[in-house]
Amino acid sequence: MLISDLSLDEIFQRLKRSELRFQAGIYTICVYSPYKVVAEGLKNLYQDYHLVDLDTFCDFYLAVKSPGLVRRWFRPQVVFSHDGFSPFKPLPADHAFALFEWAFNWCVGNHAHNFLLLHAAVVEKNGKALVLPAPPGSGKSTLSASLVAHGWRLLSDELTIIDPDTLLAVPFPRPVSLKNYSIDVISVRFPDMYIGRKSYDTTKGTVAHMRAPTDSVFRGSERVPIRWIVFPKYEAGSETKFETKEKGQTLIETIENSFNYDLLGRVGFDVLTQVIQDANCYRFQYSNIDEALQLFDSIAEGEQ
Amino acid sequence: MKACLLQKVLIAPETAITLSATEWDLLIRQARHAFLLARLSYLIDKVGITEQLSEAVQRHLRSGKVLSNKQKTAVKWETECIKKALVTTNIKPVFLKGGAYVYQDLPPMHGRIFSDVDIMVRKKDLELAERALILNGWIRKALTKYDQTYYREWMHELPPLISRKRQTVLDLHHTILPPTARITVNTEKLFENARECDGAYILAPIDMVLHSATHLFCDGELEHGMRDLVDLDALFRHFGQQETGFWRNLIERAGEVGLTLPLFYAVHFSKRLLETPIPDDVVNKLPVMSPLKKKGMDFLLSRALLPDHVSCEDRFTDLARWVLYVRSHYLRMPFYLLVPHLIRKAWKRRFDSEKDTAQ
């Protein structure tokens, strides 16, 4: 059964009883929330995700709730807790759904040290993964959202999960987070893609989420080898530039963009050097999305 | 009081093979909250059933293991850095608790999660040691004047030091209980018997157990309660086998340094909650407590020591934790110091949390 098989009210009732459990990639999550916006967000952005039975193993217990009685009514706020533990300070209640998205990422980022975790988008074509590591502001989300809207399979727009035993990228398909201008860029260029409601004035500015394509959600258990590591940089008005990046430099910058490289110790080093050894590494500057898409398509075709 | 699944598996890890998916779900959650996920992972590995578990369970156990392996390496490195920082002063620190377990490869080390490193030096060396650490890259945590005074005048340790480079926390002790505490410890005797090992000291086995017991049952930090009890259980099992005359010496020593009461609690609760194999005559040789007091402490500690997870709580758990919190302060300081301190703390907490939420 999929989330789309439930009505908004059914989703909301389950949320209020802590009985909404679904699967994203390999992870199963149980959500509690008394907020209707969370139910709406799930209804609109998670329609293709599989519901799971209450007697299955659940990886995370996530609640988006009010921090106390007062804040339920007076300048309402929300707080996220993972199985009773709240790592962050409360946010305004309008941000409830955006908070849910961050919270889900937080859960994986803090409990998946069995994997090497990179702060990078990862998409796939023809059975090969393209990793896009980049610090915030580099235009990584816009590029990965465009690639996905253009037909590349989404593994994740935020977390590249690498299995140290097989060196394969593990999918964690979720709605793609878009910020500020990129919301309009994507909605104009890809009018068929569904984008959820905007949250204004968050710490990251205005945030909205693009629904992951059905195919990406359904293929959430297909792991893929990493073929390309590309560091994107959006530069307004610039030419499209694509050049080989030295492997040593790639290693250093990938480490800077990792969540738990330091925790994995020797394993982290061995895994990352091997992944980079096996991949083609580039730096990429762009301003024109269509040229970018054409370029990545031709690279993927060239591999055939 | 609810039965806690984690407790059962810690006692008999091999039984984990029979757990259902929902039981594993609960077990992992309890273990996370008790800071014992990595310990669980170690125990499950040791009985050799890891590979028969579901992939989902295995990945959480492995994640816990990765974190604790990293911490073990980091603590080991930290002990080396501390020794090096103190080398010009000729002060050889005594590593306490977690730091000592790692320094000496003692069994509680496996799958342990650390929050800081604790060392102890003689009171006369305290100032010099602190200065040497600060010269070598540690900084004082920014504290109010009141907090500084609280530590320096009344406590058994200085305000925490933080390594600028590694962001690790170091507690510098000169004894193991506050000088203002109701129990007086003969610290010099602890130093006399400490064992030297490669440029530093660790407490003698019996003293190590007594310190662990004192920390858990007199210091009031019950948020790591179950983990600390697991430490004690591992120490009892290990030294009980390795050291000849361990139990007899332990009881004698407790009397000598003034720590019979915490030892009683350690023996009683380790046996009761984790089924530690402690010879019966040990319990009988410890002083008899009034049955009413024993009942009371049983009521409180058998709740407060369980993981801080909703599945291990009953309607008395919050009360028990609160009573023990007050008790720990009562044991720490005489009333004329305690009352103003608690009022100040409560006020500050309220005031600060209001400030946090105001946007």
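Being a predicted model, the structure only gives us computed values, none of them experimental. (Residues numbered from 1 in each chain as written. Chains lettered and ligands numbered in written order. Predicted model: local features only at pLDDT ≥ 70, side-chain atom pairs only at ≥ 80, totals over all residues.)

**Student:** Explain the overall build of chain A to me, please; I cannot follow it from the model alone.
**Tutor:** Secondary structure assignment for chain A yields eleven helices and 17 strands. For a compact globule of 304 residues, the expected C-alpha radius of gyration is about 19 Å, and chain A comes in at 19 Å, within 12% of that figure. Dimensions along the principal axes, computed over C-alpha positions, put chain A at roughly 55 × 45 × 35 Å. Looking at the 304 residues of chain A, the share that counts as buried comes to 46%. Put simply, 72% of the contacts in chain A that link residues at least 6 apart link residues at least 24 apart. (Helix = DSSP H or I, 4+ residues; strand = E, 2+ residues; numbered from the N terminus. Rg over C-alpha atoms; globule rule 2.2 N^0.38 Å. Buried ≥ 20, exposed ≤ 12 C-beta atoms within 10 Å, placed from the backbone. Contact = placed C-beta atoms within 7 Å.)

**Student:** Help me understand helix H5 (residues 140–149) of chain A in this model?
**Tutor:** Residue and element names in this part refer to chain A. Burial analysis of H5 places ten of its ten residues in the buried class, which makes it a mostly covered element. Among all positions of H5, only Lys140, Ser141, Thr142, Leu143, Ser144, Ala145, Ser146, Leu147, Val148 and Ala149 are buried. Note on H5: the residue one or two positions beyond its end, Gly151, has a positive phi of about 120°.

**Student:** Can you help me understand the sheet that holds strand S5 (residues 169–173) of chain B in this one?
**Tutor:** Backbone-to-backbone hydrogen bonds pair the strands of a sheet. The strands run either parallel or antiparallel. Residue and element names in this part refer to chain B. Ordered in space as S3-S4-S5-S2-S1-S7-S6, the seven strands form an open sheet in which the pairing is mixed. Because the sheet does not close on itself, it has two edges, and the strands there are strand S3 (138–140) and strand S6 (195–197). Strand-to-strand twist across the sheet, computed as the mean angle between neighbouring axes with direction ignored, equals 35°. Helix H4 (residues 55–86) contacts strand S1 (94–96), strand S2 (117–120), S5 and strand S7 (200–202) of the sheet and is inclined by roughly 35° relative to S2. (Pairing = 2+ DSSP bridges. Axes fitted to C-alpha atoms, helices over the stretch in contact; angles between N-to-C directions.)

**Student:** Looking at this structure, how should I read the environment of B:Pro93?
**Tutor:** Residue and element names in this part refer to chain B. Residue placement: Pro93 occurs in the loop between H4 and S1. Sequence separation between Pro93 and Met120 is 27 residues; the distance between their C-alpha atoms is 5.8 Å. Excluding residues that lie within four positions of it along the chain, Pro93 makes contacts with Ile82, Leu86, Ile119, Met120, Val121, Ala200 and Tyr201.

**Student:** Just checking my understanding: could you explain the domain arrangement of chain A for this structure?
**Tutor:** A common way to express how large an interface is: the accessible area buried when the components associate. All names here are of chain A. According to the domain assignment, chain A consists of domain 1 (3–111) and domain 2 (116–302). Placing a centre on the C-alpha atoms of domain 1 and another on those of domain 2 gives a separation of 25 Å. At the interface, 18 residues of domain 1 touch 23 residues of domain 2. Counting only elements with at least two residues in the side of domain 1 that touches domain 2, the list comes to helix H2 (36–45) and helix H4 (96–111). In terms of residues, the side of domain 1 that touches domain 2 owes the most to one element, H4, which gives seven residues. Of the residues assigned to the side of domain 1 that touches domain 2, the class counts are nine nonpolar, six polar and three charged. (Domains from an automatic or database assignment. Nonpolar A, V, L, I, M, F, W, Y, C, P; charged D, E, K, R; others polar.)

**Student:** How should the environment of A:Ala121 be read in this particular structure?
**Tutor:** Residue and element names in this part refer to chain A. Within the secondary structure, Ala121 is located in strand S7 (residues 116–125). Separated by 55 residues in sequence, Ala121 and Val176 have C-alpha atoms that sit 9.6 Å apart. Ignoring anything within four residues of it in the chain, the contact list for Ala121 reads Leu132, Lys140, Ser144, Ser156, Asp157 and Glu158.

**Student:** Just checking my understanding: could you explain the interface of chain A and chain B for this structure?
**Tutor:** Opposite the 17 residues of chain A that make contact, chain B presents 21 residues. Partitioning the side of chain A that touches chain B into residue classes produces seven nonpolar, six polar and four charged.

**Student:** Hey, could you run me through the nonpolar core in this one?
**Tutor:** It is characteristic of soluble globular proteins that their nonpolar side chains tend to be buried jointly. Counting 192 residues, the largest nonpolar core has A:Val38, A:Val64, A:Leu99, A:Val131, B:Ile119 and B:Leu263 as its most contacted members. At ten residues, H4(A) tops the list of elements feeding residues into this core. Shared between two domains, this core takes at least three residues from each, and those domains are domain 1 (3–111) and domain 2 (116–302) of chain A. Setting aside anything within four residues of it in sequence, one finds A:Leu99 in contact with A:Val64, A:Val78, A:Phe80 and A:Leu91. (Core = buried A, V, L, I, M, F, W, Y, C linked by C-beta atoms within 7 Å.)

**Student:** Hey, could you run me through the packing of helix H9 (residues 205–218) of chain B against helix H12 (residues 260–274) of chain B in this one?
**Tutor:** Helices that pack against each other are described as a pair by the angle of their axes relative to one another and the distance between those axes. Residues and elements named next belong to chain B. Remark: H9 packs on H12, axes separated minimally by 8 Å, with the N-to-C direction vectors making an angle of 85°. Considered as vectors, H9 and H12 are oriented roughly perpendicular to each other. For the pair formed by H9 and H12, the contact residues are Leu210, Ala213, Thr214, Leu216, Phe217 and Cys218 on the first element and Pro262, Leu263, Tyr265 and Ala266 on the second. (Parallel < 35°, antiparallel > 145°, perpendicular 65-115°, else oblique.)

**Student:** Explain helix H10 (residues 225–242) of chain B here, please?
**Tutor:** Residues three or four positions apart in an α-helix share a direction because the helix packs 3.6 residues into each turn. Taking 1.5 Å of rise per residue, the 18 residues of H10(B) would be expected to cover 26 Å, and the 26 Å separating its terminal C-alpha atoms lies within 8% of that figure. For H10(B), the buried fraction is high: 13 of the 18 residues fall into the buried class. (Expected span 1.5 Å × (residues − 1).)

**Student:** Whenever I open this one, the sheet that holds strand S5 (residues 77–82) of chain A confuses me. Can you help?
**Tutor:** Residues and elements named next belong to chain A. Strand order in this open sheet of six strands is S3-S1-S2-S4-S5-S6, and the pairing throughout is mixed. Of all strands in the sheet, those bounded by a partner on one side alone are strand S3 (50–51) and strand S6 (91–92). Across four bridges, the pairing between strand S2 (residues 27–32) and strand S4 (residues 60–65) is parallel. Across the sheet, residue Ile29 finds its bridge partner in S4, namely Phe60.

**Student:** Which parts of the structure should I look at to understand the packing of H5(A) against helix H6 (residues 181–189) of chain A?
**Tutor:** All names here are of chain A. Their axes nearest at 10 Å, the elements H5 and H6 cross at an angle of 20°. With respect to H6, the axis of H5 lies roughly parallel. The handedness of the crossing between H5 and H6 is right-handed. Facing Ser141, Thr142, Ala145, Ser146 and Ala149 of H5, the residues of H6 in contact are Ser182, Val185, Ile186 and Arg189. Residue classes in the contact of H5 with H6 are distributed as four nonpolar, four polar and one charged. (Left-handed = near helix turned anticlockwise from the far one by under 90°.)

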